[in-house]
Structures are given as structure tokens and as C-alpha cells.
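A structural walkthrough
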Amino acid sequence: LKENIRIVPDARFETARFYVEYHLNARQSGKQIPLLFYAPEYKDGFTVVLDGKPVNLQNVSDVYPNLETSQLSDFRKLFEMPQGNDMLYLAESPSTGFSFEVTELKFFEIDLPEGEHTVHIEYTANAWVDRGGWVKEYSFRYALSPAKYWKSFGALTVSFEIPPAPVAVTSNLGAPLPGNLASTITWEFDSLPVDVMIFEYKPEISSLAKAMIAISPEYMAVVLFVLLTTLHVWLVYRFRKRQNDRRFSWVVLVGSLLVPFFTLIFYMYTYDLIDAAIGSSAGRRHGYTFLVFGLYPFITPVYWLAMWWFDRYFMPEKGTEVTR
């Protein structure tokens, strides 16, 4: 008949308490198929109450993978490609799906007398953390898609309580109802708005961190390279002007080895510098940055040739009298 969902995150947006209430109308008495509930990033505290009385949960791991002879036999087509003892694979279509932990699945059976009933579910979930970018992105998710298989679907009310600390929360549910958006955001629907509700939060970072990200490690390394090259050119020029009778310039050689080396070192550590500026919210997943040193054998000869040519430009021609 209707479903109410209330999500209350903690102040740090690391966990959230989910309160889900179903108003059902049983057209016949007795046990129906088991109710299978998927709690993404489940942490603890899963409880079910039917008409004010607690309902015992059953352990999915006790009946899986013997789905053919268990209460979950009607769901056997949903599970394919087991990923091990603690992981399952939920096939959404012939070509798509996702892996999840067995502990994230909850199921229970209820003996419903004919008529209207209320099922209340509570649990705590960890935030899903995306560390793929410079800054961690936190999100809480809730799957609405199972309601497609219900006999009918009535009204849906969703409320999300904003933590006391000011945070910018975004959602894929569209515009909320007018109200106190500083504390609680509410949506109302008469049909499924999305398959999976997502509430996202990206921590605010300092202006310094934003500037460093905007510049990027590549451009910061280029700036250092230009500065080091400028210094090297000046030292080569100074050496040649003072000792223009020398055929070999150790300044060219040493600088040609050190300038590319320090540039690549600096590039590698700019990621740590940016992460330090971001602080605890840094994603810190940048791949194998040390592989940049694979460029050193290629950059160094090219740089040395350029500096060698520059040095020779100021060398006196053979046969020219040198004046001190």
C-alpha cells in the first residue's frame, strides 16, 4: 500500500541508520514466499517487527548454495557465479551484475493473516566510499527495484536527515518537497523513481588543495622543470664564459642527469603533497606513480643533447684566439 524510508546518517557521514516501513495488504492468510532483503554495506543492527512483534531472521549462508531445496528456491535464478564462501553474484541481466557479501542479504518468513499489516525494518549501513578521485566521495544506497515484482505499489515517502555539521548532499531522486532543507529533505512518489536511491556527499577541502588539484601534478612538474632548466642554462653559460677553452663541460653532464631526475621525483611526490593538503578526505589512490621513472632513460639523452648544443654555441671555433 505504501512505503516509508527514513535515512539518518551520523555526523561524519560514515554510517547511517535506515528505518523502513511497509504497509501491506494480505489478500489471503498464511506464509507467502520468504521476504529477501538486500542491505548494501550492511554493518549491524538488522531488526524486523511485524505489527509490533519482532520477527526472527534466518541466515542466508545456512541455505546457500542449496537453493533448490531451501526456502529461497524461488530466488535461485537471481544468483549465479558464486564468488567464494562469503561472496555472491547478483545477475541483473545476462550481461550485468555485481558482487556482494552474504551478510548483506537478510531474509525472513512471516505468517500474515488476511488484511492490512505494518512491517518495520531497521539496520545500520556503512557509507560506500569512492576513492577513485582526489577527494573521497561518500554515498548511501537503497535498492527500490525489488518493488517491481510486488502485486502492487502504492505511495513512497523518502526522508533524509542532514547531519548537524553543514554538508552538501546530492541525490538522484530529483527535487525534494519544499520545507526545512537544512535539517530534513523529503520526497514523495506514487511510482518507483529510480532502481537504486543514492545519497552522495563530498567533503569540502581547502582553497590550497583546490588550487593544487586544478594545477595538477603534470603542470607542477613542468613548472619545476622550467625553473631547473633555467638555472641549468645559466650555470652552463656562466661556466663557458669563464672557461671557454675547455672542451668538456661537467656542468652540462651533471645537470643533464639531475634535472630530469629531480623533475620526475617531484612529479611523483606532488601526489603526496596534494593528499596532505586535502587531509583525511584524500582518496590516496593514484596507481603506480613510481613507474614514471621509466621515462628517465628517454628524457635524459634528449635533454643532454639540447644542453650540449647550447654549450657548444658559446664555445670558440677552432683556431680562434682565446682572450682572458
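Everything discussed here concerns the structure shown above.
These notes cover the structure that comes with them. (Residues numbered from 1 in each chain as written. Predicted model: local features only at pLDDT ≥ 70, side-chain atom pairs only at ≥ 80, totals over all residues. Heavy atoms only, no water.)

With respect to the environment of Val60
Definition in use: Under the DSSP-based scheme used, a helix requires at least four consecutive residues in state H or I and a strand at least two consecutive residues in state E, with every element numbered from the N terminus.
Within the secondary structure layout, Val60 lies in helix 1 (residues 60–63). Linking Val60 and Glu104, residues 44 residues apart in sequence, is a C-alpha distance of 9.4 Å.

A word on the packing of aromatic side chains
Applicable threshold: Aromatic contacts are taken between Phe, Tyr and Trp rings whose centres are within 6.5 Å, Trp giving its six-membered ring; a plane angle under 30 degrees counts as stacked, one over 60 as edge-to-face, and the others as tilted. A 1.4 Å probe rolled over the protein chains alone gives each residue an accessible area, and that area as a share of the maximum for its type sets the label: buried under 20%, exposed over 50%, partly exposed in between.
Applying the stated criterion across every chain, the model contains 24 aromatic pairs. Centroid distance Phe13 to Phe160: 6.1 Å. Interplanar angle 45 degrees. Geometry classified as tilted. One end of the pair, Phe13, is in the loop between strand 1 (2–9) and strand 2 (15–26); the other, Phe160, is in strand 14 (residues 155–161), and 147 residues separate them in sequence. Here Phe13 falls in the buried class, since its relative accessible area comes to 1%.

With respect to the packing of helix 2 (residues 207–242) against helix 3 (residues 250–278)
Packed helices, taken two at a time, are described by the angle their axes make and the gap between the axes. The following threshold applies: Only the stretch in contact is used when fitting a helix axis, every axis being a line fitted to C-alpha atoms; angles between N-to-C directions are given from 0 to 180 degrees. In these notes the angle categories are as follows: under 35 degrees is roughly parallel, over 145 is roughly antiparallel, 65 to 115 is roughly perpendicular, and the rest is oblique. Here is the rule for handedness: rotate from the far helix to the near one, and if that takes an anticlockwise turn smaller than a right angle the crossing is left-handed, while a clockwise turn gives right-handed. Residues are sorted three ways: Asp, Glu, Lys and Arg are charged, Ala, Val, Leu, Ile, Met, Phe, Trp, Tyr, Cys and Pro are nonpolar, and all the rest, Gly among them, are polar.
Axis separation between helix 2 and helix 3 bottoms out at 9 Å; the angle between their running directions is 160 degrees. As the angle between them shows, helix 2 and helix 3 are arranged roughly antiparallel. Regarding helix 2 and helix 3, the two cross each other, and that crossing is right-handed. Across the contact of helix 2 with helix 3, the residue classes break down as 24 nonpolar, six polar and one charged.

Some remarks on the nonpolar core
It is characteristic of soluble globular proteins that their nonpolar side chains tend to be buried jointly. Rules: Nonpolar core, defined: a set of buried Ala, Val, Leu, Ile, Met, Phe, Trp, Tyr and Cys residues in which side-chain atoms within 4.5 Å join the residues together. Contacts are assigned to residue pairs with any non-hydrogen atoms lying within 4.5 Å of each other.
Formed by 40 residues in total, the largest nonpolar core has its most connected members in Ile121, Tyr123, Tyr142, Met197 and Phe199. Elements supplying a minimum of two residues to this core: strand 1, strand 2, strand 5 (42–50), strand 11 (115–126), strand 13 (137–143), strand 14, strand 16 (184–189) and strand 17 (196–201). Counting residues per element, this core draws most heavily on strand 2, which supplies five residues. With residues up to four places along the chain from it excluded, the contact list for Met197 reads Ile5, Ile7, Phe140, Arg141, Tyr142, Leu144, Val158, Asn172 and Leu173.

Brief notes about helix 3
For clarity, the cut-off: Each helix should span, by expectation, one fewer than its residue count multiplied by 1.5 Å. Note that the bend at a residue is defined as the angle between axes fitted to the seven residues ending at it and the seven residues starting at it.
Given a rise of 1.5 Å per residue, 29 residues ought to cover 42 Å, and the 42 Å separating the end C-alpha atoms of helix 3 matches this to within 8%. Most pronounced at Tyr269, the bend in helix 3 amounts to some 30 degrees. Trailing helix 3 by a residue or two, Gly279 shows a phi angle of about 95 degrees, which is positive.

Describing the sheet that holds strand 15 (residues 169–171)
Cut-off, in case you're wondering: Strands were regarded as paired on the criterion that DSSP finds at least two bridges between them.
An order of 12-13-17-15 is seen for the four strands of this open sheet, with the pairing classed as antiparallel. Strand pairing shows two members of the sheet lacking a second neighbour, strand 12 (128–130) and strand 15, which therefore form its edges. Pairwise comparison of adjacent strand axes, ignoring direction, gives a mean angle of 30 degrees for this sheet. Here three bridges tie strand 15 to strand 17, and the two strands are oriented antiparallel to one another. Bridge pairing in strand 17 places Thr170 opposite Glu200.

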